[in-house]
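# Report on the structure
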Amino acid sequence: MSSPPPPWAGASSDDLYFVLLTGANSGVGVGIGQRTIDEFLDSRPLSSHLILIPTTRSKTKSRDTVLALRAHLHKTAHTSKRLAARSGPSYDPQATIARVHVLSVQVDLCDLRSIYVVADQLVHGKVTDPTGLIDDVRIPRIDAALFNAGLGGWEGLDWLEFARQFFTLGLIQSTTYPSFKKALPKAAVLDSQKLLGTDGSKSSSGSPPELAEVFCANTFGHYVLAHELLPLLSRANASEAPGRVVWTSSIDAGRDHLDFDDFQASRYMAPYESSKRITDLISLTADLPGVRDVSAPYFASPAAADKPVKPRFYLSHPGIVCTPMFPLNWFLFFWYWVVMHLSRLCGSPWHTVGVYPGACATAWLALADQAALDAADAHHVKWGSSVTRAGRAAPKKTEVEGWGWEGRADDAEALKGDDADARGVLRKAVGRKWDAATLTREQRAEFENQGRRCWAELERLRRAWEGALGRDTKTK
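Keep in mind the model is a prediction, meaning the values are calculated, not measured.

Scoring rules and cut-offs
- Residues numbered from 1 in each chain as written.
- Predicted model: local features only at pLDDT ≥ 70, side-chain atom pairs only at ≥ 80, totals over all residues.
- Heavy atoms only, no water.
- 1 Å grid on protein atoms, 1.4 Å probe; cavity = no way out; pocket = protein on both sides within 12 Å on 5 of 7 lines; lining within 4 Å.
- Points joined across faces, edges and corners; volume = space filled by probe spheres on them.
- Helix = DSSP H or I, 4+ residues; strand = E, 2+ residues; numbered from the N terminus.
- Buried < 20%, exposed > 50% of the residue type's maximum accessible area, 1.4 Å probe, protein only.
- Pairing = 2+ DSSP bridges.
- Axes fitted to C-alpha atoms, helices over the stretch in contact; angles between N-to-C directions.
- Left-handed = near helix turned anticlockwise from the far one by under 90°.
- Contact = heavy atoms within 4.5 Å.
- Nonpolar A, V, L, I, M, F, W, Y, C, P; charged D, E, K, R; others polar.
- Core = buried A, V, L, I, M, F, W, Y, C linked by side-chain atoms within 4.5 Å.
- Salt bridge = Lys/Arg side-chain N within 4 Å of Asp/Glu carboxyl O.
- Expected span 1.5 Å × (residues − 1).
- Polar contact = N/O pair within 3.5 Å; in protein donor to acceptor, adjacent residues only side chain to side chain.
- Patch = residues over 30% accessible without salt bridge, like charges linked within 9 Å, V, L, I, M, F, W, Y side chains within 5 Å.
- Areas by Shrake-Rupley, 256 points an atom, 1.4 Å probe, with all protein chains shown as cover.
- Disulfide = S-S within 2.5 Å.

Quantified by volume, the second largest pocket comes out at close to 690 Å³. Contributing to the lining of the second largest pocket are 29 residues, with Tyr17, Arg44, Asp143, Ala241 and Arg244 lying nearest its centre. It is helix α1 (residues 28-43) that provides the largest number of residues to the lining of the second largest pocket, a total of four residues.

Here's what the structure looks like:
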């Protein structure tokens, strides 16, 4: 007996948009899911359909997430004046609701076998609806994979350092680029034997390298997932828009946060910031001449050999958002929230505070017209969610240590020219770190070299774990 057609069966392929979102059940992930729905309905043709696939770590969380996103969709469809104005007097909220379809899959990004299982399900199997409203369906492609899930790895605050930074640099700088977050004294390292499971016990490749928990959750797990999803992210010809992989980074991911002698930050580096610096490096350098020969094997999966147009990496960050990721009790969290709002009122462009404005950059990268992204050379820019004092959000170019804004040196005259074209908080000079300096050619070359080193190490780890789990023979 054949399965019933999916609810979007009558739409053309060009009117379908498939989005995968990791870490959708909490924090910024909630805002990304909501904002993706809203901006899709607000910008795409009335005949288009969004198929949103949030991932969580359990079926229960998947069900709750799907129901929450559908509740948001229902509210948007019935209350949005913009949607009603687009359709005119004949606007039907139910027709709008029928254009968005939320399914879900489960994955633990700290469990490589779980990553391979969910990738196989997406590529070869069917995606499920944990509420039972939609029958299991196969998806033909992924248009945007939004990598948001992650862990923090902090234990609290260094109050003396907080006081020093606050009185030395002021409110905005100390709450945007804090040096007073205390990382756990030693990062958790995943149990290799549990990761290997029964399949790994039969491997002849020896013991694979250890994996630090935060590094795996934030960077390496997503890195493996994107590689395994290449059959869905790649395209057969250049006339099709490339698949997008949108990485979530942090505004506070500087040069000093990465030490190649502690690459996974399992010994002495702060794991969260280190993982985000690696994210910046691999995303911004993926297609650079000095990196291409190292990154090319990653994009050359035999499973996608018939699709030569490979996905494009994009980079975003949510600004400064108040979420439970940082371990604070209710009293400190309340004052944390107050101080974040105060920083915004004092002129900070980065204090988005809420998860919905914090989702602005990622949702924009997911849905923007490909021609607009190409014109902005968007895959070579770190896009942050920024806000005005009134809370109006917009994607803003973010300065990256060693890269600048677009990978080129912008002297004082170039910044003046940019500021003449941009307005308000979108000007490059607004929100810069207190010690930011003009990018030199030597720093730019070193950034590319560090990107190459990150790609080489991630590829070494990927191949080692593929061999340990017996995946290397399955992909040949």
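Next comes the rest of the account.
On strand β5 (residues 144-147), burial covers both faces: Ala144 and Leu146 on one face and Ala145 and Phe147 on the other are all buried. Here three bridges tie strand β1 (residues 16-21) to β5, and the two strands are oriented parallel to one another. Bridged to Leu21 within β5 is Leu146. As defined by bridge partners, β5 adjoins strand β8 (residues 244-248) across four bridges and the pair is classed as parallel. In the sheet register, Ala144 faces β8, and the bridge partner there is Arg244.

This part covers the pairing of strand β9 (residues 312-317). The side chains of a regular strand alternate between the sheet's two faces. Burial within β9 is extensive, with five of its six residues counted as buried. Bridging between β8 and β9 involves five bridges; their strand directions are parallel. Looking across to β9, one finds that Trp247 is bridged to Leu315. The pairing of β9 with strand β10 (residues 382-387) spans three bridges and is classified as parallel. Bridging from a neighbouring strand, His317 pairs with Gly384 of β10.

This part takes up the packing of helix α12 (residues 292-299) against helix α18 (residues 441-468). In a packed pair of helices, the relevant descriptors are the angle between the two axes and the axis-to-axis distance. Following both chains from N to C, one finds α12 and α18 inclined at 35 degrees, their axes separated by 9 Å at the closest point. For the pair α12 and α18, the sense of crossing is left-handed. Within the contact between the two elements, α12 uses Asp293, Val294, Ser295, Pro297, Tyr298 and Phe299 and α18 uses Arg452, Trp455, Ala456, Glu459 and Arg462. A breakdown of the residues in the contact of α12 with α18 according to their chemical character gives six nonpolar, one polar and four charged.

Glancing now at the nonpolar core. One finds Leu112, Leu122, Leu211, Phe215, Phe220, Leu229 and Trp455 to be the most contacted residues of the largest nonpolar core, which totals 71 residues. Here the element with the most residues in this core is helix α9 (residues 213-228); it accounts for eight residues. Leaving out residues up to four positions away in the same chain, Phe215 has contacts with Phe220, Phe263, Gln264, Ser275, Ile278, Leu458 and Leu461. Of all hydrophobic cores here, the second largest spans 35 residues; its members include Ala24, Val100, Ala361 and Leu373.

For the rest of this paragraph, the subject is unusual backbone geometry. Notably, Val353 is not glycine yet its phi reads approximately 70 degrees, a positive angle. With a phi close to 50 degrees, Asp377 is a non-glycine residue in the positive phi region. What makes Asp377 partly exposed here is its relative accessible area of 30%.

Another point: the pattern of salt bridges. Counted under the stated rule, the structure contains 24 salt bridges. One salt bridge connects Arg463 with Glu459, and the closest N-O pair in it is separated by 3.6 Å. Separated by four residues within a single helix, Arg463 and Glu459 lie in helix α18, roughly one turn from each other. Taking relative accessible area as the criterion, Arg463 reaches 46% and is therefore assigned partly exposed. Via salt bridges that share partners, Lys397, Glu406, Arg408 and Lys428 belong to a single interconnected network.

As a further point, take the side chain of Thr22. With respect to the secondary-structure elements, Thr22 resides in the loop between β1 and α1. The residues contacting Thr22, other than those within four sequence positions of it, are Thr55, Leu109, Leu146, Phe147, Asn148, Ala149, His222 and Leu225.

Across its 13 residues, helix α5 (residues 112-124) extends 18 Å between first and last C-alpha, which sits within 8% of the 18 Å expected from 1.5 Å per residue. Within the sequence span of α5, burial applies to Leu112, Ser114, Ile115, Tyr116, Val118, Ala119, Leu122 and Val123. Sitting at the amino-terminal end of α5 is Asp111, which places a side-chain oxygen 3.1 Å from the backbone nitrogen of Arg113.

Now for a nonpolar patch on the surface. A cluster of nonpolar side chains, Trp330, Phe331, Phe334, Trp335 and Trp337, forms an exposed patch at the surface whose accessible area comes to about 650 Å². Tracing the backbone through its elements, the reader meets Trp335 in helix α13 (residues 330-345). For Trp335, a relative accessible area of 44% puts it in the partly exposed group.

What follows covers the environment of Arg441. Note that Arg441 resides in helix α18. Taking the C-alpha atoms as reference points, Arg441 and Gly407, separated by 34 residues in sequence, lie 9.7 Å from one another.

Moving on: the state of the cysteines. All chains considered together, the criterion is met by zero disulfides. Unpaired in terms of disulfides, Cys110 finds its nearest cysteine sulfur in Cys216, a separation of 5.0 Å. Of the residues examined, Cys110 reaches a relative accessible area of 13% and is grouped as buried. With no disulfide of its own, Cys346 has Cys322 as its nearest cysteine by sulfur position, at a separation of 15 Å.

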